[in-house]
Amino acid sequence: MKFRITTLKEADTDILSEIRALMNLSLKFDFITDHMLVRCVVEDPNFIQENTLLAYNNGKLVGVLIGAERVRAPIEAVRSQKDIGWIKAVAVHPTFLKEGLLEVLLTEFESLMRDKNKRCIRLADFASWHFFPGINVAYDFYINTLMDLNFVKDHEAVNYEVSLLNFDIPQRIVRYEKSLKKEGIVFRKANSNEMNVISRWVKHTFSPFWAYEVERAFEFKQPKIWIAERSDGEILGFSVYGSLEPEWFGPIGVDPKARAKGIGSVLLFKSLYDMRLEGLRIAIIPWTSHLFFYAQIPNIVGIRHYWIMVKKLN
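One structure accompanies this document, and this report is about it. (Residues numbered from 1 in each chain as written. Predicted model: local features only at pLDDT ≥ 70, side-chain atom pairs only at ≥ 80, totals over all residues. Heavy atoms only, no water.)

1. Topic: the layout of surface pockets
Size it by volume and the largest pocket reaches roughly 950 Å³. If you go around the largest pocket, you meet 39 residues; those closest to its centre are W210, I252, T288, H290 and Y294. Secondary structure elements with two or more residues in the lining of the largest pocket: β7 (152-163), α8 (208-217), β11 (249-254), α9 (263-277), β12 (282-288) and α10 (291-295). Take the lining of the largest pocket: its biggest share by element is 6 residues, from β11. Taken together, the residues of the lining of the largest pocket sort by class into 20 nonpolar, 13 polar and 6 charged. (1 Å grid on protein atoms, 1.4 Å probe; cavity = no way out; pocket = protein on both sides within 12 Å on 5 of 7 lines; lining within 4 Å. Points joined across faces, edges and corners; volume = space filled by probe spheres on them. Helix = DSSP H or I, 4+ residues; strand = E, 2+ residues; numbered from the N terminus. Nonpolar A, V, L, I, M, F, W, Y, C, P; charged D, E, K, R; others polar.)

Okay, structure coming up:
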């Protein structure tokens, strides 16, 4: 069967709604909103139209591969990741799954990345402008096709889905907070004028990717970020919610020298409780391998399992 392959550069301006509909039809175990699609494509400072491939059959959009390169942000990662091409997402209409279209899109993108002298292709851990951490293991056909094309599993992660119905902060977390307060550690919401201080601390302690998500949390009138600090103002931990996506929790981090005290658990439950007060019914904890830490949350109603896959190019 013949397919016409073009790029986003050649598409109509309203193509994003068609892409979103195709992705939700094809990737039935995941969820793509207009907000997510705009954030991951148009709002990505690394966005290059030619890296997104579109497949048509008889004038109908039947396949999409959203690719990326790290060319602008965060600046700290551009040099170290210049040899990598990413597939943020790939979706093929179910009718055409066994017609070779998935192979066509993957092979076309590989050729594009080879022309750009990339040394490997990753799917799909393009931090800060990602849909999902990798490929959902529920998509057996996709994974087998990737493996047939010499992609291998690099590592794995999960997304937790938490029901916030009847959500409350357990007494053991309240006890943690009281005990920590006696040590001079307090928890509070960040103020709108603290973005630079907190962002610098997160970048230094963790990564520029997390610092970007912290900065996004300050775009709201009331920043969506909790911090733990000593009475002298030394930051010990932070947690963000609703930064990249309204229902996403994270990132969260505690200074290594202050761990194993319960600080992370207090930050976690305070943030989820705020999400409940905002009226969210479901919270999603995306892209994590910290299974035991999050297993303490009641009402986990779903776990989506992802493989991060990679292919080395000669």
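Still more ground to cover, so stick around.
2. Digging into the pattern of salt bridges
Here the structure, examined in full by the defined rule, presents 26 salt bridges. Ionic pairing is found between E50 and K9, a salt bridge with its closest N-O pair at 3.4 Å. Separated by 41 residues along the polypeptide, E50 in the loop between α2 (34-40) and β2 (52-57) and K9 in the loop between β1 (4-7) and α1 (15-26) bring together distant segments of the chain. In this structure E50 comes out as partly exposed when scored by relative accessible area, which is 31%. (Salt bridge = Lys/Arg side-chain N within 4 Å of Asp/Glu carboxyl O. Buried < 20%, exposed > 50% of the residue type's maximum accessible area, 1.4 Å probe, protein only.)

3. Quick word on the pairing of strand β4 (residues 84-92)
Counting buried positions along β4 gives 9 out of 9 residues, so the element sits mostly inside the fold. Strand direction decides the pairing type here: strand β3 (residues 60-69) and β4, joined by 7 bridges, are antiparallel. Within β4, the position partnered with V64 by the bridge is A91. The sheet contact formed by β4 and strand β5 (residues 120-123) spans 4 bridges and is parallel. By the bridge assignment, I87 is partnered in β5 with L123. Note on the crossover from β4 through helix α4 (residues 101-115) to β5: the handedness is right-handed. (Pairing = 2+ DSSP bridges. Right-handed = clockwise from strand over helix to strand, strands pointing away.)

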